[in-house]
Amino acid sequence: MTREALVNGALIAGLVLVPLWAWMADEPFIITLTTRAAIFALAAVGLNLCLGTGGLVSLGHAAFFGIGGYAMGILASHAQSYQPIMETPFLINGTKSMPIIWLVACLASGLAAALIGALSLRTAGVYFIMITLAFGQMLYYFAISWPAYGGEDGLSIYVRNGFPGLNTLDPIQFYALVFCILMLTLGLMSRLMKSPFGLALNAARQSPLRASTVGISPYRLRLLAFTLSGMITGLAGALFADLNRFVSPSMFSWQTSGEIIVFVILGGTARLFGPVAGAVVFILLEHVLGGISDYWHIHLGLLLLAVVLFAPGGLLGLIAGRRKIHV
């Protein structure tokens, strides 16, 4: 067993044992904090498919995070007000069912990612970064000017949505649901990176010209990866909105995109559990240092600078070794 596999196992054990301890100690805040870390980790896992494997630095992934959140908010708000979403011959009602909401969130964010990616991937480098940022900001200002769903004040959902057989209002049960989704997604990513698609995407990142020479289309590979990435991040957005029972335009902001990138870089790009490690460290710093000073981001910046300069493989790479392993 490799050192990286041991570190990954330790991360999983921590994500299981900490909430269990908090549940037995009657500390619901710790459970909620861990749930937040798991949701952010899921969003970063989605970005890592683009950034780590595909080499696509997207500064607009908050667009998909926000679309997922608003998909949940719109469906749940219409369910609690008993009003249909659209007055059409095919009446569309709201719902409080999590599986349906997740499906809608994934489809909506995936469609948006496909459309944005189809345009953005015609550029490269800094132009790709800026065009993804532009799309994210467009959706941010659209949400602000959308009074039907709260505008800049956001939209509150009074009761958390339901999942068959679970009481989602119980923090430990909701966390268990989020944890299972994160583990399933990580398993999917592990299989995906070992598949011909993952190997071809990695080859297109390293040398697009050579990939094209052997008949691989870098554009199609990147578009598919960008779409899958958007769907995963959109699912995380729906879970985040359910956790807070609130959605707001801030979910679309460039700061949110920046934080998701920080999770990936901090933990280690192109490493399966890198985004998980980065999200956990970020939440710990926010909780511990945020209680000491309002300027805790200074310490985060120093840590990020140290990682970039002295640990290119991220914190996970520093602990596990330089070799990048997707298992």
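Described below are features of the structure shown in this document. The shown structure was predicted, so the numbers you read here are calculated from the model rather than taken from an experiment. (Residues numbered from 1 in each chain as written. Predicted model: local features only at pLDDT ≥ 70, side-chain atom pairs only at ≥ 80, totals over all residues. Heavy atoms only, no water.)

### With respect to the nonpolar core
Residues Leu 42, Trp 102 and Leu 182 are the most contacted members of the largest nonpolar core, which totals 97 residues. Counting residues per element, this core draws most heavily on helix H2 (residues 28-53), which supplies 15 residues. Discounting chain neighbours no more than four positions away, the residues touching Leu 182 are Leu 15, Ala 38, Ala 41, Leu 42 and Val 45. (Core = buried A, V, L, I, M, F, W, Y, C linked by side-chain atoms within 4.5 Å. Buried < 20%, exposed > 50% of the residue type's maximum accessible area, 1.4 Å probe, protein only. Helix = DSSP H or I, 4+ residues; strand = E, 2+ residues; numbered from the N terminus. Contact = heavy atoms within 4.5 Å.)

### A word on unusual backbone geometry
Look at Asp 26: it is not a glycine, yet its phi comes out positive at around 55°. Note on placement: Asp 26 falls in the loop between helix H1 (3-24) and H2. The class of Asp 26 is exposed, set by a relative accessible area of 63%. We note that Ala 270 has phi near 65°; this positive angle belongs to a residue other than glycine. With respect to the helices and strands, Ala 270 occurs in the loop between helix H10 (254-267) and helix H11 (274-290).

### Some words on the pattern of salt bridges
Opposite charge on two side chains permits them to pair, given that their charged atoms come into close proximity. Inspection of the entire model under this criterion finds 2 salt bridges. The salt bridge partner of Glu 4 is Arg 271, with a shortest N-O separation of 2.7 Å. Of this pair, Glu 4 sits in helix H1 while Arg 271 is found in the loop between H10 and H11, placing the two residues 267 residues apart along the sequence. As far as the burial class goes, Glu 4 and Arg 271 line up, both buried. Residue Glu 286 is joined to Arg 36 by a salt bridge in which the shortest nitrogen-to-oxygen separation is 2.5 Å. One end of the pair, Glu 286, is in helix H11; the other, Arg 36, is in helix H2, and 250 residues separate them in sequence. (Salt bridge = Lys/Arg side-chain N within 4 Å of Asp/Glu carboxyl O.)

### Here we look at helix H7 (residues 196-206)
Regarding H7, the residues found buried are Phe 197, Gly 198, Ala 200, Leu 201 and Ala 204. Projected down its long axis, H7 shows its buried positions confined to an angular sector of 165°, all on one face. Exposed residues lying more than 90 degrees from the buried face of H7 are Pro 196, Leu 199 and Gln 206. For H7, the secondary structure elements touched by its buried residues are H2, helix H6 (171-194), helix H8 (208-213) and helix H9 (218-244). (Arc of directions from axis to C-beta.)

### Focus: the packing of aromatic side chains
Here the structure, examined in full by the defined rule, presents 15 aromatic pairs. Consider the rings of Phe 40 and Phe 65, whose centres lie 6.5 Å apart with planes at 35°: the pair is tilted. Within this pair, whereas Phe 40 is found in helix H2, its partner Phe 65 is found in helix H3 (residues 62-81), the two being separated by 25 residues in sequence. Each of the two residues, Phe 40 as well as Phe 65, counts as buried. In this structure an aromatic cluster arises from ring pairing among Phe 40, Phe 65, Phe 240, Phe 263, Phe 282 and Trp 296. (Phe/Tyr/Trp six-rings, centres within 6.5 Å; stacked < 30°, edge-to-face > 60°.)

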